[in-house]
Every structure is written in structure tokens, then in C-alpha cells.
Amino acid sequence: MRLLTVAWWGGRIAVFAVILESMPSPRSPLSRLFTVLLAGVLAGLVLAVAALPGGLLGGLAAKASLGAYAELPDALRTPAQPQRSYLYANDGRTLITTFYDVNRSDVPLAEIAPVMRQAIIAAEDRRFYLHGGADLRGIARALVANVKGGGTEQGGSTLTMQYVRNVLKTDPTRTAEERQAATEQTVGRKLQEIRYANALEKTLSKDEILNRYLNIAYFGSGAYGVAAASQRYFGKAPADLTLGEAALLAGLVQSPDEYSPIDGDKDQALARRGYVLDSMAETGAITAQQAAAAKAEPLTLHPTAQPNGCTATAAGHDDWGFFCDYLRQWWLAQPAFGNTVKEREQALRRGGYSVVTTLDPKIQQTAQKQATSVYGYGNKRALPIAAVEPGTGRVLAMAVNRHYSLADNPAGQANHPNTVNPLISGGASVDGYQAGSTFKMFTMLAALEAGKTLSTGFDAPAKLPTRYASDAEGNCDGKWCPGNANPEWMDGYRMMWDGFGRSVNTYFVWLAEQVGEDKVVEMAQRLGITFRADSDAAFAKDDAENWGAFTLGVAATTPLDLANAYATVAAEGTYCTPLPVVSVTAANGERVDVGQPSCRKVLDADVARAATDAARCPVGQQSAYGQCNGGTATSVNRIVGRPVAGKTGSSEQNATETFVGFTPQVAVAGIAANPDDSTDLVGAAVQAKVIDAVARVIRTAVDGKPVKDFTAPSRELAGDPQRPQPRPTPEPEERRQQDRENLPSDLLRWLQGRGRG
């Protein structure tokens, strides 16, 4: 056993280490008596120093502490201990999850119950408010008690000394060797600890030291600091601790793993609680009657495991994990949190940030309900849905019929019902899904920007020979010739209004040829469409002017990209980078400048208004110029019940079905697809369900908000909507009106043959 004693020597405070060889309990009374006598001598030296005139001892301590303070590590001057970060929904209260390496969170002393403060002092340092950092009497008392034996071994370290040790052994800026050295049982280490403690006592108030100690002490079961411990053991804030609960927690710090009532010995935890209560009574913090009553209370725990990471979101909300993962990827790209990805990851897990996200629980709940109503969790097909706020880019919801989980899936089921792949936002191995005729929006915008008007007319044929060469079966004299899915309803003289409303393939392929496919591709990129598939990226970069099928939506995209692109139109040409946070507050209470929308004007407002006017046609509403005469998603008007616009999209052979809709306040997109097998065709029948699902998310998003109408475009962009007498073809029932603008099979083979599929 090593014993430290302090004595007066040569005008200085000297610390001597007396080492008694570890041995079994003394075999004879004489041997034990000798040990006790030796300890008494050493203790006498300590008490002699303690009895020195206060001014003399204080002056010496002050002189020593001034030098020591100059040598204090930065971690002791300005604590930077690891703390968990919290992610909240946009209400600032609903907890999504937390991130941490160490389960710890600082709280001010005012938010810690007074009985907790009294309990920790009674348990660990009764003379806390009397000593100057190192308690000589306490050292002597512990020395004698430990030599006598017969009970729990006592330490001579004050709360201030313990705080120094805790900081140095957990300081993330120190090496592993330096952290380990902070707990070594050596004279040098103990001397340094005393010097640092004395220096801190001269610069910090007692309450500040106590607060720091309570926020760093380890209470067992993975809980660092009283806030984490209160939640871990009792499921409550430290301000709400009762006397018995505070005494139990205070008793844990001496031997956290052994005494923990969750992971250790409950009986020892109760015995230790009793010791703390008796000690509190002896110090006058409580009465003997209060101590007795608290000791009689049964041990009632409410263990609460703190979630950690995106796979540990709140119970029943594993769907939030997809949004959480999107936020984490966004975080890792922000220079405000570090120079490298590793530093940013550490900041999230150790920085103690409070993050208010853009996730709207109400919209998310509806989106998840709708996604799973179309396809269940066990279905290999999926309906990822994203909702974005126009004018800010704030991501309001991200839902899909999958559990965000690392749990194993049944044999043969690669990504269902559990997955952590970014099915909604794209990235990693997810390139996205073809969104069909929703891409006609980019053709219309490019044409309007090039000076064409909404009344630009074309007599759309059933099949349109183009300038693009094709040797595939079904070509038209060696040229690619796409066709309309429903010639009776689509063919004939069309302008942008009804060409968009009825989703006429040949009209938009013709229109794209007029303005240049490269302009259409550039427009899509300007509105945030990202080409994640290598083949799409290569086509866009090297051969965009010959990408004739682009307007029909052959490039892969994601619901988030698509919703945000249409949100740009809803915001009258203002593009905003998708944003998952409202605010980020650092552990010190300072706001980090990362929550502001990043927006820029990418379209003339009148061009966006004109495109919106045409987009009223597909959803069963009327344009400002009365030119809508049929739509592919007319049920949306009834469901939303306010000004709304949108577009359907079907890919080749109905492999995917898409709908994107928007109001001035929200844009929502959903794409039905098989994320693991693009050859698995979802079929045309699901389109009505996709339309219904997205429309109901829009309705939830605008519920309770003032009704806002779209601004009509100028007469200049509307042009002169004079159309010839339409062909006398009766409109089929709405079910036949659904958008089936499929690419012909010869186009698909042509694309695959060129390596562009």
C-alpha cells in the first residue's frame, strides 16, 4: 500500500511517500499495532502542517498555486469534455436521437437538485467549502482509516483533486499515454494533482468547481455527469432528483461499476446509499429523521437507455432514421464543424451540439403512413417520398416503406424490410429511379426561357420521327420515333398547357428539339437534378445535345431532388440547396452559422409562373388563361382543395410510377420502384395510389396554413392561345387518362446498345 503524508521541511511543504509493502492482514496483534503506530506518526506530521497558522500556510499555497496555474493544461482552464449532441424535430422539443462517444451532457448548477449537491459533498468531500484544494486533514483521516481496515477504503482526494484527475484522464486533446498517466499511483502524479487543485481553487469559485465535477464524474452504466446519470437510472432531469435518488447517485462515484444497481450489485448500492444519507445527517445537510426515511425507501429505478445514432431513433420512429442519415451526411460536408470528415464526425459525437432539424413530425407521419399504404414493409417494391419547403429548401419529411435498421433481413430479401441505404435522397449505392414525364417540366422551362410562349402549338402525331439515328426495331426510316401512350387522347394540336396536362410525348420531344436537348439537360441541373449514375453523368457531360430521350425522364433521380426541383418552380425561380437544419447551437450556447437557407435565383420569376400555370392542368385545375382541357392526376384537386400544381411520370413499360405536386408552401415527390431490381415493373395500376399518397402529404403539409394562390404569368409569356378546332375525340374515363407516356422498346434497346441505359 502507498501512503502519502505532508510535512513541514526546510520552509516548504514537502510530500513524502511511505510505502508499506502489500501483504496479507497482519498475523499478530503486535504486527498490526506496529502498523497503526506508524500510520499515527505519519498522520501526526500531516496534522502538524494542518495546524500551522492559516496565513502562513495560505501564503505558501497561494505562491505555489500562482506558478501552477500558469502551467495548467487548456482542458482545466477551459473544459472541453466530450458531450453528446441532440437532434430535435422542427418544434425544438421532439427528440429524434442523440450522438455520442461518451454519454454526457453539461447542466448548470442551478439545474441540479440541492440534495444532489449536498449528497456528493457528504459522500466525497465533507470539508469541500473549507479547504483550498488539497485537504490535509482529509488525507490524514483517510490514511488512518485505511491502515486500520475493517471497512471501505477511503481516499484523501478532494472533489477538486478528483475533478483534475477526471479532466486529465478524459481530455480528448491528450494522447492515450498522457490520459493513462493521469490515474497512475505515483508521488509525482499526486503532487501535480495537488498543485493543479490549489491553482484552480484560487481562480474558480467553489460552486463552479462543484458544477464542473458533477458534470464530469462517472456514475456507472455508461453515464458521465449527473445529467446522464439522472436519465440513465431514473429517467428524469437532475433538478427533479429526490433525496434518496441523489444519495444513491452520489454513492456510485467511488466505485461506479461495482455499485451500479443496473450493472453491478443492488445490495451494495443500497448500502452505499445508506452511508451517504448518514453522512449528510452528520454534516447537518439533512436531519436524522430524513435520513432514516430515505433509507427505508425501496430502490425504484426507471432505466433509460440514451439513443445513439440514426439506428437508435425514438421508439416507434425508425422511419426517422433516413432523415437522420441525410442530416449526418450533410453535417460531414460542413467546414464549420472541422477541416476533415473525421473532425466533423468527432464534433457531432463529442461536441454537445443541440440541433433543431427541419423534420416536421406531422408531415413525416402522414408521409410514412402513405408510403406504407401503397407497399407494406415486407414488399420488395418501395415508395420513397420527400417533402421540401419552397423558398428555403428545408426538408420536411423523408419516408419509405422500410425500417431504418441494421437488423438482418429474411433470406433472399436484400433491402427489405430493413435497410440503411439512402433510398429517398440517393448517394452511396443508390443512383435513383427514372421519373418519366416529370422531366417534361425542364423542357417547358427551357423553351419558355428561350422565348417561346405557353401557346406554342404543334400538331402532335401518334409517332414522331426525330433527327436521332436508330437502327432498333420499329425505327422510322433509321430515325428514333417515340410515340404517345394514348393516341386518341394525346394526338392533335397541342400547346404547352394541354401538352403538359395530357403528357403528350411527341409534343415535348418536338419542343426539346426546338430549344436543344443540351439546354433541357442544363435546366434540370440548374434546378438541382444530380446525375448519380455514371452513364447519365457521361451523357450529360459529353453528348447532351443528342440526349433526345431526356425529356421523357430516362435519367435516374430521387424523390428529394425531384421535389426540390419543383420547389424551385413553386418559389418562382428561387433555388435553395436542400437543408436539414433550422439551427445548430454549440455546447457553450453560441449559434453556429449553418442553419440559414442557401438560395439563389436560377429562373426569371415570370418563366416559373408560366410553367406553374401549365402545371395546373395535370391536377385537374384551370390555368389563369383557361387553357387546361384534361389531366393525368385530376384527383389531386379534390384531395388538396386549394391551388396546386404537379406532374405524373411513367417510365418504360411502367417500371416506375411517379408523381410530384406543389403549392406555394410545399413540394412533395414520390416514386414507386423496386430499388434492387430495375427490371421489376411496378405496373400502371399503382400510379393512382402514388398520386393519392403524394396529394395527401401535400394536404397535411398545408393544413392550417393560409390559402395561397399562384401568381399568373404575363400575357407576354402566355402568348396568343388561339388553337384550331380540336379533333372530335371523346375523352376516355379518368383511369384511361392516367399518364402512360412509355418509351417504345426500340428506344430502350438503342440506349442500351450505346451504353447509356
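Just above, that's the structure.
Residues numbered from 1 in each chain as written. Predicted model: local features only at pLDDT ≥ 70, side-chain atom pairs only at ≥ 80, totals over all residues. Heavy atoms only, no water.

K.L.:
Is there a simple way to explain the packing of helix 18 (residues 440-449) against helix 22 (residues 517-526) in this structure?
P.N.:
The contact between helix 18 and helix 22 brings their axes to 8 Å, and the two run at 110°. Between helix 18 and helix 22, the crossing angle belongs to the class labelled roughly perpendicular. Contact residues: Phe442, Thr443, Leu445, Ala446 and Glu449 in helix 18; Lys519, Val520, Met523, Ala524 and Arg526 in helix 22. Split into classes, the residues belonging to the contact of helix 18 with helix 22 amount to 6 nonpolar, 1 polar and 3 charged. (Axes fitted to C-alpha atoms, helices over the stretch in contact; angles between N-to-C directions. Helix = DSSP H or I, 4+ residues; strand = E, 2+ residues; numbered from the N terminus. Parallel < 35°, antiparallel > 145°, perpendicular 65-115°, else oblique. Contact = heavy atoms within 4.5 Å. Nonpolar A, V, L, I, M, F, W, Y, C, P; charged D, E, K, R; others polar.)

K.L.:
Help me understand the pattern of salt bridges in this model?
P.N.:
A side chain of one charge can pair with a side chain of the opposite charge if their charged atoms are brought near each other. Scanning all chains against the criterion turns up 23 salt bridges. Arg328 is the partner of Glu345 in a salt bridge, and the nearest nitrogen-oxygen pair spans 2.7 Å. Pair noted here: Glu345 is in helix 16 (residues 341-350) and Arg328 is in helix 15 (residues 320-331), with a separation of 17 residues, a long-range link. We classify Arg328 as partly exposed; its relative accessible area is 22%. (Salt bridge = Lys/Arg side-chain N within 4 Å of Asp/Glu carboxyl O. Buried < 20%, exposed > 50% of the residue type's maximum accessible area, 1.4 Å probe, protein only.)

K.L.:
Any chance you could explain helix 10 (residues 226-234) here in plain terms?
P.N.:
In an α-helix, one full turn covers 3.6 residues, which means residues spaced three or four apart are oriented alike. Taken across its 9 residues, helix 10 has 8 buried, putting it largely inside the fold. Residues of helix 10 that are buried include every one of Val226, Ala227, Ala228, Ala229, Ser230, Arg232, Tyr233 and Phe234, and no others. Looking at the residues trailing helix 10, positive phi occurs at Gly235, about 65°.

K.L.:
For this particular structure, what's the right way to read the sheet that holds strand 21 (residues 657-662)?
P.N.:
Pairing between sheet strands relies on hydrogen bonds along the backbone, with the strands arranged either parallel or antiparallel. With antiparallel pairing, 5 strands are arranged side by side in an open sheet as 9-8-22-21-20. On the outer flanks of this sheet lie strand 9 (395-399) and strand 20 (645-650), each paired with one strand and no other. In this sheet, neighbouring strand axes are inclined to one another by 5° on average, regardless of whether the strands run parallel or antiparallel. Relative to strand 22 (residues 667-672), strand 8 (residues 385-388) runs antiparallel, the two being bridged by 4 bridges. Across the sheet, residue Ile385 finds its bridge partner in strand 22, namely Gly670. (Pairing = 2+ DSSP bridges.)

K.L.:
Any chance you could explain the packing of aromatic side chains here in plain terms?
P.N.:
The geometry of an aromatic ring pair is captured by the separation of the ring centres together with the interplanar angle, meaning the angle of the planes. Counting across every chain of the model gives 23 aromatic pairs. An angle of 50° between the planes, with centres 6.4 Å apart, marks the rings of Tyr233 and Phe234 as tilted. Phe234 carries the same exposure label as Tyr233, and that label is buried. Pairing Tyr507 with Phe508 gives two aromatic rings, centres 5.2 Å apart and planes at 75°, and the pair type is edge-to-face. Taking the relative accessible area as the measure of exposure, Tyr507 reaches 0% and is therefore buried. The buried category is assigned to Phe508, whose relative accessible area is 0%. Taken together, the ring pairs connect Phe439, Phe442, Phe531, Phe539, Trp547 and Phe550 into an aromatic cluster. Taking the ring centre of Phe128 as reference, the NZ or CZ of Lys206 above it sits at 4.6 Å. Directly above the aromatic system of Phe500 lies the positively charged group of Lys647, at a separation of 5.6 Å from the ring centroid. (Phe/Tyr/Trp six-rings, centres within 6.5 Å; stacked < 30°, edge-to-face > 60°. Lys NZ or Arg CZ within 6 Å of the ring centre and 35° of its normal.)

K.L.:
Could you clarify how one ought to interpret the environment of Pro307 in this entry?
P.N.:
Tracing the backbone shows Pro307 in the loop between helix 14 (288-296) and helix 15. Expressed as a C-alpha distance, the spacing of Pro307 and Phe99, which sit 208 residues apart in the sequence, is 7.6 Å. Every residue in contact with Pro307, bar those within four places of it in the chain, is listed here: Thr97, Thr98, Tyr100 and Ala312.

Everything listed here is a matter of geometry and, on its own, says nothing about what the molecule does.
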